[in-house]
Amino acid sequence: MVGTIETQVAVVGSGPAGLTLASLLHKRGVACVVIDKFDREQLLARARAGFLERRTVQLLDRLGVSKRLRTEGLPHTACEFRCDGEIVRLDYTDLCGDTPSFVYPQQEVVADLLDGYESAGGSALLGRPVVELGTERGLPVVRCADGTVVRAEVVVEAAGQYGPVRAALPAGAFTEYDVRHGVRLLGVLAQTPPFAPHTIYGQHTDGFAGQMLRSPDVTRLYLEVADDEGLADWPEERIWRELDGRLALSPGTLRRGPVLERSLVEMRTWVVEPMHLGRVALVGDAAHIVPPSGGKGMNLAMADAADLAAALGRHFRDGAIGDVGEVLAAYSRRRLADVWQVQEFSHFMLHLQHGPRPGTPDAGYVEALRRARLFRLRDDPAYARAFLERYMGPELAPELASDI
Ligand SMILES: Cc1cc2nc3c(=O)[nH]c(=O)nc-3n(C[C@H](O)[C@H](O)[C@H](O)COP(=O)(O)OP(=O)(O)OC[C@H]3O[C@@H](n4cnc5c(N)ncnc54)[C@H](O)[C@@H]3O)c2cc1C
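For the protein, an unreviewed UniProt entry supplies the name 4-hydroxybenzoate 3-monooxygenase and the organism Streptomyces olivaceiscleroticus.

Here is the structure:
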């Protein structure tokens with residue numbers, strides 16, 4: 001369908017943030033369209049995150065799309081730090097109660113959201129890159145590469161850091177924080193069961209190595225790599241040898257399997273303030289990137305969407321009383337408070353997992369502090385409990401849950 005569409009909210013990007021927002025708006029009776037450059041097959045092939053905080057699980061429950069997650073997902077009950085033969089294992093079963101965090105692959109979250117949204121009659125324009133943001137009679141308009149035009153009262157960019165909407169707005173309207181942490185990881189998705197039923201963060205003299213759960217037969221593994229290394233430097237044989245050396249408790253015991261995907265990830269923090277301008281709002285990776293060390297990016301993206309959907313739902317349901325710019329400004333203020341809390345936690349996790357590069361100033365001192373934090377997690381239950389609360393994330397706020 002190519003033509004002109006009139007709606008209340010145009011959502012650009014149908015990743016976890018865009019689909020959560022569109023699903024919640026549709027449920028609340030707000031007219032919306034979600035647009036993505038990828039077709040369904042491409043969307044469902046994007047394997048990225050896998051850790052779902054408690055509030056994310058509860059949000060999917062409220063949306064009625066958590067059936068597969070609750071049957072096929074893995075309850076996430078422990079994490080383990082390894083450092084020079086010392087193991088610090090944190091078990092949070094006691095904290096979880098009946099609301100555990102889960103491991104469930106991002107592409108499955110997207111599949112469930114998309115199915116739920118479309119089967120409820122929601123409109124998704126897939127395989128249609130948005131190329132332009134314009135204005136007509138004071139209202140925003142987005143144009144797609146195929147000529148489709150969407151006129152809306154509010155446009156939401158959920159298209160990641162390099163989306164087309166913010167790129168069309170004056171750069172001076174935003175403050176950007178962009179920090180490179182000097183750590184590069186090789187991320188590997190492998191067709192093999194996890195070798196332990198929980199997350200493992202391994203500190204080794206050759207660099208960090210980690211195991212994150214994804215499903216009973218697929219595991220995400222990480223290796224810290226040098227600045228000048230590319231994918232070509234990491235053939236499968238070397239990947240498994242290094243993983244074995246850095247992670248296995250007894251060398252040669254790691255179960256190998258075909259490598260499904262390899263990518264290089266730079267540990268980076270990026271935040272845009274504010275998360276709105278005029279009738280445009282930013283959600284998820286379009287407004288902030290967290291280093292994946294804390295497993296928070298997808299959760300933060302969906303938490304933005306839940307907050308914005310509640311605010312826009314109230315705005316449109318109450319007959320558009322009040323200025324929509326004020327609604328978006330209040331959204332931005334609320335979310336930035338949470339975004340910075342999550343950035344702080346992810347920064348803490350990053351420096352708990354990665355020691356200083358040898359030879360950097362004060363390397364010995366920084367490493368001693370890292371170990372002090374790690375051993376306090378082992379020895380101080382109150383400290384460990386506070387840590388695990390943040391690791392699992394908060395519960396879904398009642399005001400966001402109540403009218404879904
Ligand atoms: C290797 C890796 C591991 C990760 N692990 C975790 C983890 O364990 N836990 C966690 O919470 N987070 C993790 N993250 C981060 C998480 O994947 C992201 O934070 C999450 O995808 C953000 O969701 P989003 O909806 O904001 O953006 P995205 O998922 O990036 O979705 C953006 C969508 O916009 C579309 N789009 C882009 N440009 C256009 C355009 N011009 N027109 C139309 N559509 C467009 C894209 O096709 C895409 O579908 C990880 C990320 C990586 C890379």
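Caption draft 1: Main features of the overall build of the protein. In terms of helices and strands, the protein carries 13 helices and 19 strands. Taking 2.2 N^0.38 as the reference for a compact globule, 404 residues should give roughly 22 Å; the C-alpha atoms of the protein span a radius of gyration of 22 Å, in line with that estimate. Dimensions of the protein along its principal axes, counting C-alpha atoms only, are 65 × 45 × 45 Å. The proportion of buried residues among the 404 residues of the protein is 55%. Here the contacts in the protein between residues at least 6 apart in sequence split such that 72% fall between residues at least 24 apart. Positive and negative side-chain charges of the protein, numbering 45 and 54 respectively, have mean locations separated by a distance of 1 Å.

Caption draft 2: Main features of the sheet that holds strand 4 (residues 74-76). Spatially, the three strands line up as an open sheet ordered 3-7-4, and their pairing is antiparallel. Each edge of the sheet is formed by a strand with only one pairing partner; in this case those strands are strand 3 (51-52) and strand 4. When strand 3 meets strand 7 (residues 101-103), the two strands line up antiparallel, connected through two bridges. Bridge assignment links Phe51 to a residue of strand 7, and that residue is Val103.

Caption draft 3: Local environment of the site of the ligand. Close to the ligand lie 31 residues; Asp36, Gln106, Val130, Asp285 and Met298 are nearest. With respect to the ligand, the backbone of Met298 contributes an N or O atom lying 2.7 Å from an oxygen atom. When the ligand sits alone it has 1,000 Å² of accessible area, and the protein chains cover 90% of it. If one sorts the elements of the shell around the ligand by residue count, helix 9 (residues 297-317) sits on top with four residues. Tallied by class, the residues present in the shell around the ligand amount to 15 nonpolar, nine polar and seven charged.

Caption draft 4: View of the state of the cysteines. Summed over the entire model, instances satisfying the criterion amount to zero disulfides. Cys32 forms no disulfide, and the closest cysteine sulfur to it belongs to Cys144, at a distance of 14 Å. According to the relative accessible area criterion, Cys32 is buried, its value standing at 9%.

Caption draft 5: Expanded view of the nonpolar core. Ranked by internal contacts, the top residues of the largest apolar core, which has 79 residues, are Val9, Leu52, Val142, Val155, Leu308 and Leu312. No other element matches the twelve residues that helix 9 contributes to this core. Not counting residues up to four positions away in its chain, the partners in contact with Leu308 are Leu21, Val156, Ala281, Val283, Leu328 and Tyr331. Cys79, Leu185, Met349 and Ala384 belong to the second-largest nonpolar core, a separate cluster that totals 26 residues.

Caption draft 6: The arrangement of the pairing of strand 14 (residues 209-215) in detail. The buried fraction of strand 14 is high, at seven of seven residues. Where strand 13 (residues 199-203) and strand 14 come together, three bridges link them in antiparallel fashion. Counterpart to Ile200 in the pairing with strand 14 is Gln211. Following strand 13, the chain reverses through five residues before pairing antiparallel with strand 14; Gly207 in that reversal takes a positive phi of roughly 120°.

About the thresholds
- Residues numbered from 1 in each chain as written.
- Predicted model: local features only at pLDDT ≥ 70, side-chain atom pairs only at ≥ 80, totals over all residues.
- Heavy atoms only, no water.
- Helix = DSSP H or I, 4+ residues; strand = E, 2+ residues; numbered from the N terminus.
- Rg over C-alpha atoms; globule rule 2.2 N^0.38 Å.
- Buried < 20%, exposed > 50% of the residue type's maximum accessible area, 1.4 Å probe, protein only.
- Contact = heavy atoms within 4.5 Å.
- Lys, Arg positive; Asp, Glu negative; His and termini not counted.
- Charge placed at Lys NZ, Arg CZ, Asp CG, Glu CD.
- Pairing = 2+ DSSP bridges.
- Near = heavy atom within 4 Å.
- Polar contact = N/O pair within 3.5 Å; in protein donor to acceptor, adjacent residues only side chain to side chain.
- Areas by Shrake-Rupley, 256 points an atom, 1.4 Å probe, with all protein chains shown as cover.
- Nonpolar A, V, L, I, M, F, W, Y, C, P; charged D, E, K, R; others polar.
- Disulfide = S-S within 2.5 Å.
- Core = buried A, V, L, I, M, F, W, Y, C linked by side-chain atoms within 4.5 Å.

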